[in-house]
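# Close look at the chain arrangement
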Amino acid sequence: MLSKQKTMEALETMYEMFPEAHGELKHNNPFELLIAVILSAQATDVSVNKATPDLFASFPTPDALADASIDEIILKIKTIGLYRNKAKNIKVCAQQLIERFDGQVPTTREELMSLPGVGRKTANVVLGDAFGIPAIAVDTHVERVSKRLRICKLDASVMEVEETLMRKVPQELWVKTHHTLIFFGRYHCTARNPKCEVCPLLSICQDGKNRMRLKEKTLKKKPRL
């Protein structure tokens, strides 16, 4: 695995590549962010951002969302995957915000994770982006990049990826690192066609080196016309 020093060197390069890395879910307050992140599970930020302006215009507060019928909510989010379950989750979530937290989004991981549809990743995103509380949310991009670069073990669980990153990265950089790893994974080190040929991290990326070797072998075996 990469040492703490090499991990930070790799991250510094990513920071330079994506200096404006940020959360791409559109929101105006912690409540909207919480609902948007719940909706983003197994869906793209793009699809969520298309649906939430109308959703939040119709139900701008926990009270309004809690009072809405499931069918009314579904009409607003039916373009998002798993919309039926998500409609139920965000309605009950809004109800619990009112009943248990005076209509406010809680600021601890434990309280956030007690809400319907909120797992550790969602809680960490809300903590970092809504409240500036240091957290690293591990999504598919963060996990993929961390494993390809051998920042963590290839067989690490999501929780182990998070713990490894927290050990190797200073706390004040956790939120920035989370967003930067997502941008790097979403726009450069993509799942199917990573840009290994032009990657400034290729020299320290075992996964990238393996890919390039395989590509070279494939090209050599191609018959000349």
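Procedures and definitions
- Residues numbered from 1 in each chain as written.
- Predicted model: local features only at pLDDT ≥ 70, side-chain atom pairs only at ≥ 80, totals over all residues.
- Heavy atoms only, no water.
- Helix = DSSP H or I, 4+ residues; strand = E, 2+ residues; numbered from the N terminus.
- Contact = heavy atoms within 4.5 Å.
- Expected span 1.5 Å × (residues − 1).
- Buried < 20%, exposed > 50% of the residue type's maximum accessible area, 1.4 Å probe, protein only.
- Patch = residues over 30% accessible without salt bridge, like charges linked within 9 Å, V, L, I, M, F, W, Y side chains within 5 Å.
- Areas by Shrake-Rupley, 256 points an atom, 1.4 Å probe, with all protein chains shown as cover.
- Salt bridge = Lys/Arg side-chain N within 4 Å of Asp/Glu carboxyl O.
- Lys, Arg positive; Asp, Glu negative; His and termini not counted.
- Charge placed at Lys NZ, Arg CZ, Asp CG, Glu CD.
- Phe/Tyr/Trp six-rings, centres within 6.5 Å; stacked < 30°, edge-to-face > 60°.
- Axes fitted to C-alpha atoms, helices over the stretch in contact; angles between N-to-C directions.
- Parallel < 35°, antiparallel > 145°, perpendicular 65-115°, else oblique.
- Left-handed = near helix turned anticlockwise from the far one by under 90°.

## Structural notes on the environment of Asn89
- Residue position: Asn89 is located in helix α6 (residues 83–101).
- The spacing of Asn89 and Gln206 is 117 residues in sequence and 41 Å in space, taken between C-alpha atoms.
- With sequence-adjacent residues up to four places away left out, Asn89 is seen in contact with Pro116 and Gly117.

## A closer look at helix α11 (residues 174–187)
- For α11, built from 14 residues, the straight-helix expectation of 20 Å at 1.5 Å per residue is met to within 8% by its first-to-last C-alpha distance of 20 Å.
- The buried fraction of α11 amounts to eleven of the 14 residues, a majority that puts the element mostly inside the structure.
- Within α11, burial applies to Trp174, Val175, Thr177, His178, His179, Thr180, Leu181, Ile182, Phe183, Phe184 and Gly185.
- Lining the buried residues of α11 we find α1 (4–17), α8 (120–131), α9 (140–148) and α10 (158–168).

## A look at a positive patch on the surface
- There is a patch of like positive charges on the surface, built from Arg213, Lys217, Lys220 and Lys221.
- On the accessibility criterion, Lys220 (70% relative accessible area) is exposed.

## Topic: the packing of aromatic side chains
- Across all of its chains, the model carries two aromatic pairs by this definition.
- Aromatic pair Phe18 and Phe183: ring centres 6.1 Å apart, planes at 70°, arrangement edge-to-face. Here Phe18, found in the loop between α1 and α2 (30–39), pairs with Phe183, found in helix α11; they are 165 residues apart in sequence, far enough to count as distant. The two residues Phe18 and Phe183 agree in class, both being buried.
- Their ring planes at 70° and their centres at 5.3 Å tell us that Phe183 and Tyr187 sit as a pair that is edge-to-face. One end of the pair is Phe183 and the other is Tyr187, both in helix α11 and four residues apart, which spans about a single turn.

## Thoughts on the pattern of salt bridges
- Taken as a whole and judged by the stated rule, the model has nine salt bridges.
- The partner of Arg186 in a salt bridge is Asp45, and the shortest N-O contact between them spans 3.3 Å. With Arg186 in helix α11 and Asp45 in helix α3 (residues 45–58), this pair connects stretches of sequence that are 141 residues apart.
- Residues joined by salt bridges that share partners form a network here, namely Glu24, Asp45 and Arg186.

## Re the packing of α2 against α3
- The contact between α2 and α3 brings their axes to 11 Å, and the two run at 140°. Taken together, the axes of α2 and α3 lie oblique to each other. Between α2 and α3 lies a crossing of right-handed hand. Contacts between α2 and α3 involve Glu32, Ile35, Ala36 and Leu39 on the former and, on the latter, Val48, Thr52, Leu55 and Phe56.

## Examining the side chain of His141
- With respect to the helices and strands, the residue His141 is situated in helix α9.
- Among residues more than four places away in sequence, those in contact with His141 are Leu181, Ile182, Gly185 and Arg186.

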